[in-house]
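Listed below are the residues making up each chain.
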Amino acid sequence: MSKDINTASTAQGSTASGAINAASVDDIQPANNERLLSGASASIIFFVCVGYIGFHLYALNIQPVETWTYRIIHVSFGLMIGFLLLGATSRFNDDKPQSIVAKVFSIASIILSGYALALVLLLWLQPQDGGTTGHLDFIQSHLGLVSFIALVISLFTSYSIKSNRKRLNMSDLSLGFIALAVAGYLILSLSRWRLMAGTSMVGDLDFYMATIGVLLILELTRRVAGMALVVITGVFILYAFIGPWLPGIFEHRGYSPARFFTYLYTDNGILGPTIAVSSTYIVLFITFAAFLQKSRVGEYFVNFAFSIAGRSRGGPAKVAVFASGLMGMINGTSAGNVVSTGSLTIPLMRRVGYPARSAGSIEAAASTGGQIAPPIMGAGAFIMAEVTGIPYTEIAIAAIIPAALYFLSIYFMVDLEAQRKGMRGLRSAELPKLRPLLKQAYLFIPVVILVSTLFMGYSVIRAGTLALVSAAMVSWLTPHWMGPKAILGALALSARMVVPLVAVCACAGVVVGVIALTGVGARFASLMLDIADSSQFLALLFAMMISILLGMGMPTTAAYAVAASVIAPGLQQIGIDPLIAHFFVFYYAVISAITPPVALASYAAAAIANTDPLKTSLTSFKFGLAAFVVPFMFFYSPAILMQGDWLEITRVVITASIGIYLLSAAVQAWMFGALSKPLRLVSLIAGLTMLAGGITTDLIGILLGALVMGYQLKMKRGHSQPQAS
C-alpha cells in the first residue's frame, strides 16, 4: 500500500525535550486486518480510491447520476475496495509461500468470479430493444449459480488460508469482482427491478444476485465492525422467516426468500435512507475530514486544547474533553476519535496521576461526545435530516446545548476527580505556547466557512464542498502545503475512511428493510402507545432501554438508523415532536458506545490504556452518567433544543449546568471536600430536580444544592481554622 493510504506511526506523548507532540493525531492507524500493500498493487488501489471519491464529488457537484444507479455504484465499489484493503482475519502469513492447495482454490475463485463478471458484461452487450440472442438464456441460467459458487469458494479460501499482508489476496479480489457483477446486473435490470423487486414476480437470477449482494455486505461489515452488527442483522433476517411462529407483536405472515432478498435491495432497505446519506453527506464530510487531517488541522486542534487546559489540575483529562470535542467536528466515529486523540492524552493522563482505567474511560466518554458536536455530528445527524425532512441547519442548532451539557458533565467529572486525588496539571515547559497558536487561528477557517455557508442558506453539499476546497487552500499558509500529490493522497485516504461506513450503512439498511417489510416498527409504536396511556415517563424509559440495547456493539450510524425505524415512530405517535423524538433516540444511540457490556469506544480506549475492557466500559458509564439524563430534558424542557423564547432557553441552560454539576458531585463523592452518603443522596436529588426543567423543580434543586454547598463550605472552614491556629 502506498504511504498516502497507509500512514502508520506510533503515538508519541512527548518529544525528547519533554514538549507535547500532537503530530500523531492526524495519522490514520491501519486496522489489524488491513493490508500494507506496496508497489504496483498499492498504486492500482490508490488510483481506484481516488477515482471512487472523485466520482462522488463529480456526481454531487457537477453532473448528477440517476439515484438508484448512483447508490448501487457507491455500495459495490465500496465493497470492492473494502475487500481489497481488508483481510478476512488479522492472521497473515508474510514468510511462507502459499501451498499448492491454497493456490488452486485462489485461482478457482478468481476464474469463477471473472467468469461471472464476463457474463454480466455479455448481458450488457445484448440488444436492449426487446430482441434476444441464442446466448441470452445461457447467460441468465448460468450467472446466478456461477456467482454463488464463486462466492462460497472465495469466502472459504479467504477465511481458511493465511495470506501475505503485503500482497493482494486473489480470493478477496474475487469477492470484489463478484460485487461488481452484482452491481452490473442490478443497473442493467434497473427499470424492471424497480417494479418487481419484493414481489412474487422476481426470477431465480434476481434472487441469486440480491442474496449474494446481502452476503457480501454482511462479510465486509464483519471485517470493518466485528460480529456484533452482523449478528444483530442476522437475527433480523431470521425474524423475516420465523415470524409466523412468533407470539404477540412479533408475529407476521412470513416471506419467501426470493421476495425477501430482492426487497432488501431497494430503496426500502439497502438503497434507502442510510445509503442515501452515506453516498452524499458522509462521503463529502469524510473527504473534508481527510483534507483537514492531511493539512494537520487535527494536530492544531489538540495543541490548542493543550495550551488552554493543560496547566489546570488533571490537565490532560480536560485536554481530552476539549480536543475530542474539536476533533469530533471532523471525525464521525467514537472509536476513531478515541484512537486519534487517546493515543496522546491517555499516556499523559496516567503521567499526572489518573489510573489506567480512569484515563481510558475519560477519553472514551469525551470522544463519544464528538458524535453530537455540531456542525458535523457524525453521520447520524445526516440520517436524521434525511428521515425526518428537518433541515440540517435546524438539527445542528438544536444540538448545540445538549452537546455543551455533555462535555460540561465530562469536564465536571474529571475536575472533581482531580480535586479528590490532588492531581496537578502539566508544566508550562511541556505545553505548546498559546500565542503562536492564536496566530494560526486561520486553520479554523474551513469550519467557519462550513458553518457560515450552512446558515447563509447554501445546501449541505455546496457548503461541504466549499469547506473542503478551503481546507486545501488554508494548507497553503502552513508548512503542510497541499499540492496535487497531497490532494490525491487526501482523496485516497477519504476512500479508506469511507469504506467502513459504507458497509455499516448498507448493513443497517438491511435491518431497516426488515423492519419496513414486517411492520414490526408500527407494532412497537402501538405498544408504546399502550405504555404511554399509563405513563409517558415509562414510555420514554422503555424507548431509552430499547435504543441502548439496539445500539450495543453497533457503530452510531447503524444504531441510530435502527432505533429511528423502531422507536422514533412510536414516540411521535404518543405526541412527541419529531425533532425531540429523533434527538432522544439519537442521543442514546451515541452513548451506547460507552454503555456496558458492549461499548466500542471504551474497548478502543482500554486497548490504548492496557486495561480491562469491561471495567473500562463501567467506568466510562460512570463518567458519562449525567449524559444519560439529558435526553429526558428534550421532552420535559424542549428549550434545551432551542425550542422556545430566549429567556426560557437561558434559564434552562443555567439550571441544567448547575444540575449537572450537582449530579457529577454526587457520582464522584466530592464537592468542596468529601461528600458523605447522605450528602451524595441530597446532591443527586438536587441535580435531578434541576435537570427536570420546571420552575418549581428548579427552585427545589437550588434549595437542596445550596444546603449541600453551605454545609460543605462550613465544614471546610471548620477544618481550616484549627490548622491555622
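Residues numbered from 1 in each chain as written. Predicted model: local features only at pLDDT ≥ 70, side-chain atom pairs only at ≥ 80, totals over all residues. Heavy atoms only, no water.

## With respect to the overall build of the protein chain
Thought 1: Across its full length, the protein chain holds 32 helices and zero strands.
Thought 2: The C-alpha atoms of the protein chain give 27 Å as radius of gyration, which agrees with the globular expectation for 725 residues (27 Å, within 12%).
Thought 3: In terms of overall dimensions, the protein chain has C-alpha extents of about 105 × 65 × 50 Å along its principal axes.
Thought 4: For the protein chain, the proportion of its 725 residues judged to be buried stands at 59%.
Thought 5: Contacts spanning at least 24 positions in sequence make up 78% of the contacts within the protein chain whose residues lie at least 6 apart.
Thought 6: For the protein chain, the exposed area adds up to about 27700 Å²; of that, 66% sits on carbon and sulfur atoms.
Thought 7: Taken as two groups, the 43 positive and 29 negative side-chain charges of the protein chain have centres that lie 14 Å from each other. (Helix = DSSP H or I, 4+ residues; strand = E, 2+ residues; numbered from the N terminus. Rg over C-alpha atoms; globule rule 2.2 N^0.38 Å. Buried < 20%, exposed > 50% of the residue type's maximum accessible area, 1.4 Å probe, protein only. Contact = heavy atoms within 4.5 Å. Areas by Shrake-Rupley, 256 points an atom, 1.4 Å probe, with all protein chains shown as cover. Lys, Arg positive; Asp, Glu negative; His and termini not counted. Charge placed at Lys NZ, Arg CZ, Asp CG, Glu CD.)

## Thoughts on the packing of aromatic side chains
Thought 1: This model, assessed by the stated rule, comprises 28 aromatic pairs.
Thought 2: Judged by centre distance (5.0 Å) and plane angle (75°), the rings of F260 and F261 are edge-to-face.
Thought 3: Its relative accessible area of 12% is what places F261 among the buried residues.
Thought 4: Centroid distance Y411 to F412: 6.4 Å. Interplanar angle 65°. Geometry classified as edge-to-face.
Thought 5: In this structure Y411 comes out as partly exposed when scored by relative accessible area, which is 26%.
Thought 6: Three or more aromatic residues link up through ring pairs in this structure, and these residues are F148, F207, Y208, F241, F260 and F261.
Thought 7: The positively charged end of R194 is found above the aromatic ring belonging to W68, 4.7 Å away from the centroid.
Thought 8: Residue placement shows K622 over the ring face of F623; its charged tip is 5.1 Å from the ring centre. (Phe/Tyr/Trp six-rings, centres within 6.5 Å; stacked < 30°, edge-to-face > 60°. Lys NZ or Arg CZ within 6 Å of the ring centre and 35° of its normal.)

## As for the pattern of salt bridges
Thought 1: Taken as a whole and judged by the stated rule, the model has 12 salt bridges.
Thought 2: Notably, a salt bridge pairs E34 with R496, separated by 3.0 Å at the nearest N-O pair. Of this pair, E34 sits in the segment before α1 (39-61) while R496 sits in helix α21 (residues 484-518), and the two are 462 residues apart along the sequence. Per residue, the accessibility class of E34 equals that of R496, and both read buried.
Thought 3: A salt bridge links D415 to K318; the shortest N-O distance between them is 2.6 Å. (Salt bridge = Lys/Arg side-chain N within 4 Å of Asp/Glu carboxyl O.)

## Concerning the environment of K103
Thought 1: Within the element layout of this structure, K103 appears in helix α3 (residues 100-125).
Thought 2: The partly exposed category is assigned to K103, whose relative accessible area is 43%.

## Some words on a nonpolar patch on the surface
Thought 1: Where nonpolar side chains cluster on the molecular surface, the patch consists of V469, M473, W476 and W481 and spans about 430 Å² of accessible area.
Thought 2: The residue W481 is located in the loop between α20 (460-474) and α21 in this model. (Patch = residues over 30% accessible without salt bridge, like charges linked within 9 Å, V, L, I, M, F, W, Y side chains within 5 Å.)

## Examining helix α9 (residues 257-264)
Thought 1: When α9 is considered as a whole, its buried residues turn out to be F260, F261, T262, Y263 and L264.
Thought 2: Elements that come into contact with the buried residues of α9 comprise α6 (190-196), α7 (204-225), α8 (227-242) and α21.

## Here we look at the packing of helix α2 (residues 67-85) against α7
Thought 1: Between α2 and α7, the least distance of the axes is 10 Å, while the angle of their chain directions is 45°. Here α2 lies oblique to α7, going by the angle between them. Every pair of crossing elements has a handedness; the one defined by α2 and α7 is left-handed. Contacts between α2 and α7 pair V75, G78, L79, G82 and F83 from the former with L216, I217, E219, L220 and R223 from the latter.
Thought 2: Broken down by class, the residue content of the contact of α2 with α7 amounts to six nonpolar, two polar and two charged. (Axes fitted to C-alpha atoms, helices over the stretch in contact; angles between N-to-C directions. Parallel < 35°, antiparallel > 145°, perpendicular 65-115°, else oblique. Left-handed = near helix turned anticlockwise from the far one by under 90°. Nonpolar A, V, L, I, M, F, W, Y, C, P; charged D, E, K, R; others polar.)

## Topic: the confidence of the model for the protein chain
Thought 1: Averaged over every residue, the pLDDT of the protein chain is 84; residues scoring 70 or more account for 92%.
Thought 2: Averaged over each element, pLDDT in the protein chain is lowest for helix α12 (residues 315-328) (74) and highest for α2 (96). (pLDDT = per-residue confidence, 0-100.)

## A short note on the side chain of D206
Thought 1: Summarising the element assignment, D206 is placed in helix α7.
Thought 2: The class of D206 is buried, set by a relative accessible area of 3%.
Thought 3: Non-local contacts of D206, meaning those with residues more than four positions away in its chain, are made with Y185, R192, W193 and T262.

## Describing the nonpolar core
One recurring pattern in soluble globular proteins is that nonpolar side chains are buried together.
Thought 1: In terms of nonpolar packing, the biggest core is built from 248 residues, with Y354, Y406, L571 and F583 touching the most fellow members.
Thought 2: Ignoring anything within four residues of it in the chain, the contact list for F583 reads M377, M384, I395, A398, A399, F634 and L641. (Core = buried A, V, L, I, M, F, W, Y, C linked by side-chain atoms within 4.5 Å.)

## Quick look at unusual backbone geometry
For residues other than glycine, phi is negative in most cases, and the peptide bonds are mostly trans.
Thought 1: The backbone of N610 sits at a positive phi, close to 60°, despite the residue not being glycine.
Thought 2: Along the chain, N610 turns up in the loop between α27 (600-609) and α28 (613-623).
Thought 3: Assessed through its relative accessible area of 70%, N610 is described here as exposed.

## Quick look at the environment of A558
Thought 1: Tracing the backbone shows A558 in helix α24 (residues 556-566).
Thought 2: A relative accessible area of 0% means that A558 is categorised as buried.
Thought 3: Considering only alpha carbons, one finds A558 and A508, 50 residues apart in sequence, at a separation of 5.0 Å.
Thought 4: Those residues within four positions of A558 in sequence are excluded, and the remaining contacts are L229, V504 and A508.

## A short note on the state of the cysteines
Thought 1: In total, this model carries zero disulfides according to the counting rule given.
Thought 2: No disulfide involves C49; its sulfur sits 18 Å from the nearest other cysteine sulfur, which is in C505.
Thought 3: Relative accessible area serves as the criterion here: at 0%, C49 is assigned to the buried category.
Thought 4: In this structure C507 is a free cysteine whose sulfur lies 10 Å from that of C505, the closest cysteine sulfur available.
Thought 5: When its relative accessible area of 0% is taken as the criterion, C507 is described as buried. (Disulfide = S-S within 2.5 Å.)

## Some points on helix α13 (residues 334-351)
Thought 1: Over its 18 residues, α13 runs 24 Å from end to end, which matches the ideal 26 Å to within 8%, given 1.5 Å per residue.
Thought 2: Of all the bends found along α13, the most pronounced is centred on G342 and spans about 60°.
Thought 3: Inspection of α13 places S334, N337, V338, S340, T341, G342, S343, L344, T345, I346, L348 and M349 among the buried residues, and these make up the whole buried set.
Thought 4: Of the residues one or two after α13, G353 is the one with positive phi, at around 120°. (Expected span 1.5 Å × (residues − 1). Bend = angle between axes of the 7 residues up to and from the residue.)

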